[in-house]
Amino acid sequence: MLKKLVLLTLLLAFSQGIHAQGTIPDGNYRLALIGSPSAETTQALLKVETKDGTQTASVLAVPPRSTVKLTSYKANGQEIVLTLSNGMTFTSHSAGSEKSILGSMATDTIAYRAKLAPTDQTEFAQPSDAIVRVKSPEAYGKAVSLNNRPMTLRIQAQNEKDAEKRKKIQDQLPAAQKEADEKVADLYREVIEKHSDQLAALDSASALLGMAQKAKVSRAEAEKLIGIIEKHAKPYGLPYTNYVLSRTGTTLLREKGLEALALKVIQSAYQSMPASWSASRQHPVVTAYLQALVANKNTSEAKVIEAKLAKMDADMDKEYLATVPPFKPVAFAGRKNTSANQVAVLELFTGAQCPPCVAADVAFDALEKAYDHKDLVLIQYHMHIPGPDPMTNPDTVARFNYYRKLFPNDMRGTPSTLFNGKPGAGSGGGMDRAQAKFEQYKEIIDPILEKSSQVKVNGTASRDGDKIDIHLDVYGVEVADQLKLKTIIVEETVKYVGSNRLRFHHQVVRAMPGGIEGVSIKDKNFKHQVSADISKLRSELNNYLDEFGKTRPFPSTNRPLDMKNLKVIALVQNQETGEIVQACQIDVTGKVAAK
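Residues numbered from 1 in each chain as written. Predicted model: local features only at pLDDT ≥ 70, side-chain atom pairs only at ≥ 80, totals over all residues. Heavy atoms only, no water.

Peer 1: Can you walk me through the packing of helix α3 (residues 163-194) against helix α4 (residues 200-210) in this structure?
Peer 2: Packed helix pairs are specified by the crossing angle of their axes together with the interaxial distance, meaning the distance between the axes. It is the contact of α3 with α4, at a shortest axis distance of 9 Å, that shows an interaxial angle of 145°. Classified by chirality, the crossing of α4 by α3 is left-handed. Side by side, α3 and α4 meet where Ala185, Tyr188, Arg189, Val191 and Ile192 of the first sit next to Ala200, Ala201, Ser204, Ala205, Ala207 and Leu208 of the second. Classifying every residue of the contact of α3 with α4 by side-chain character gives 9 nonpolar, 1 polar and 1 charged. (Axes fitted to C-alpha atoms, helices over the stretch in contact; angles between N-to-C directions. Helix = DSSP H or I, 4+ residues; strand = E, 2+ residues; numbered from the N terminus. Left-handed = near helix turned anticlockwise from the far one by under 90°. Contact = heavy atoms within 4.5 Å. Nonpolar A, V, L, I, M, F, W, Y, C, P; charged D, E, K, R; others polar.)

Below, the structure is given as structure tokens:
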């Protein structure tokens, strides 16, 4: 009888959102992100148990290829906090229903809907076991499918090698776009009208606000949609509610006539931030608030927020530089073979919105501290994967496609790494994986540095204002059509904070003067001259980003295009195999044009 009474008390406490004795009931739980109304992605299976009056949590299993660990657990009264090794923290202040505990899964810059739900599952037999399908309104599924169709066709066309098949795919694009333009908005409105009590209403409202001009969303309808977003976001807690309101306001800033409403929404997010939140967590909201103030011509308040933001920014830069990488890179001891002259080249394809790229990016930064550029040339290409990245440009995309044709099984996304033109050490991870990635890269780089090459390449690069003149010399090449000299302009340090929270990016590719295919090396002792106009390049990049942003909006208006601390990299590469036979990095001398 006593056991039944205790069990009844626990179940009652759970269903009412009260954690018995400051805890949740012992048992197995599924910690999942709710990425969409139709699918939940399990991050880990957890076991919660009480021993000697203390409740603890441990990981039972994680999905295949995941290395996430539970680093801390706290359950006290209404609050549950689970911290993961990938930098994400699950927070809940309400136990929700007897079936699940709703909360936010957040980093300092992004927050997701999440849940902690009792489960009988104890392992993952295959990757698909991590996905839990949830029934959502039929109209929502149709809207998402129609909305995604044009993008899917573009990707298929881009990947299709057969010209005739590619044209057939491209011919389908106009009709697919037309159908999406005509039907999607009405389908989202149907979801809101008929299923306002479901989570799909939140995503439908967000989608409508994102196409406000095209969908002819009025001020009154926009206010209604915001109310729906607030209502459905609230059960997931303050981190998610604050994030989604800030994001909604930023979306509205892009819509003409809705700037005042955007300010109202972002101001609500700004004022609801707890003082206890770190500067890095407050920063995205404060940035959005400043943008809204400027858009609404509130000059006086904008100056106050601008000063606050500048101080926050400086403090975060200082902390970041002191803690990243989170280990001390061991300096390269030097070549054992004193006659070796092969320069190692690491090319990293990454993205500022790519959380799995963190380990690769930080390891890349650590390599810059450990090696001299005379031994190791580092090149970082940014891509719009998984989201828009303002450091991406047509040449980085073309370079990725060049390698993807050569190595289709290795070049599937970001991060991707190549060593002297050959794929290796793929995959990434969070900050906790950075040191392991650094060691993995070193195991490939160090043997390359013990090799010799008959090819030598050097040169000079001088800058006068916005014009850069580059002179390159290549020696010792056995003239062959497949060997090309390729020129790359990189920016040594670029500051831009994307959703993966990395604040500084190094050796960022800005352009490949002379084209991505390079020039044929016509003589054994070959000289080549090429120039670049930085002012023209900056204008071309702005135009490219403007055009790209029409279909995939950027998360912020920030475009880091100063291009002051530039370097030139020369590669001698076999165009057919991808092998880089020699390389060098050249400092750019001269004066930068004054603003």
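Don't stop here, the text continues.
Peer 1: For this particular structure, what's the right way to read the pairing of strand β8 (residues 111-118)?
Peer 2: Walk down a regular strand and you will see the side chains alternate between the two sheet faces. In terms of burial, β8 is a largely internal element, 6 of the 8 residues being buried. One ladder, built from 6 bridges, connects strand β7 (residues 101-106) with β8; its direction is antiparallel. Bridge assignment links Met105 to a residue of β8, and that residue is Tyr112. The hairpin formed by β7 and β8 contains 4 residues between the paired strands. (Buried < 20%, exposed > 50% of the residue type's maximum accessible area, 1.4 Å probe, protein only. Pairing = 2+ DSSP bridges.)

Peer 1: Teacher, can you tell me more about helix α13 (residues 534-549) here?
Peer 2: Given 3.6 residues to a turn, an α-helix orients residues that are three or four positions apart in the same direction. The end-to-end C-alpha distance of α13 is 22 Å, a good match for the 22 Å that 16 residues give at a rise of 1.5 Å each. Those residues of α13 lying buried are Ile534, Leu537, Leu541, Tyr544, Leu545 and Phe548. Projected onto a plane normal to the axis of α13, the buried residues spread over an arc of 95° and lie on a single side. The secondary structure elements touched by the buried residues of α13 are α11 (394-406), β14 (456-465), β15 (467-475), β17 (504-511), β19 (525-533) and β20 (566-574). (Expected span 1.5 Å × (residues − 1). Arc of directions from axis to C-beta.)

Peer 1: When you look at the environment of Phe407 in this model, what are you seeing that I'm missing?
Peer 2: Tracing the sequence through the fold places Phe407 in the loop between α11 and β12 (416-419). Once the C-alpha coordinates of Phe407 and Gly476 are considered, the two residues, 69 residues apart in sequence, prove to be 28 Å apart.

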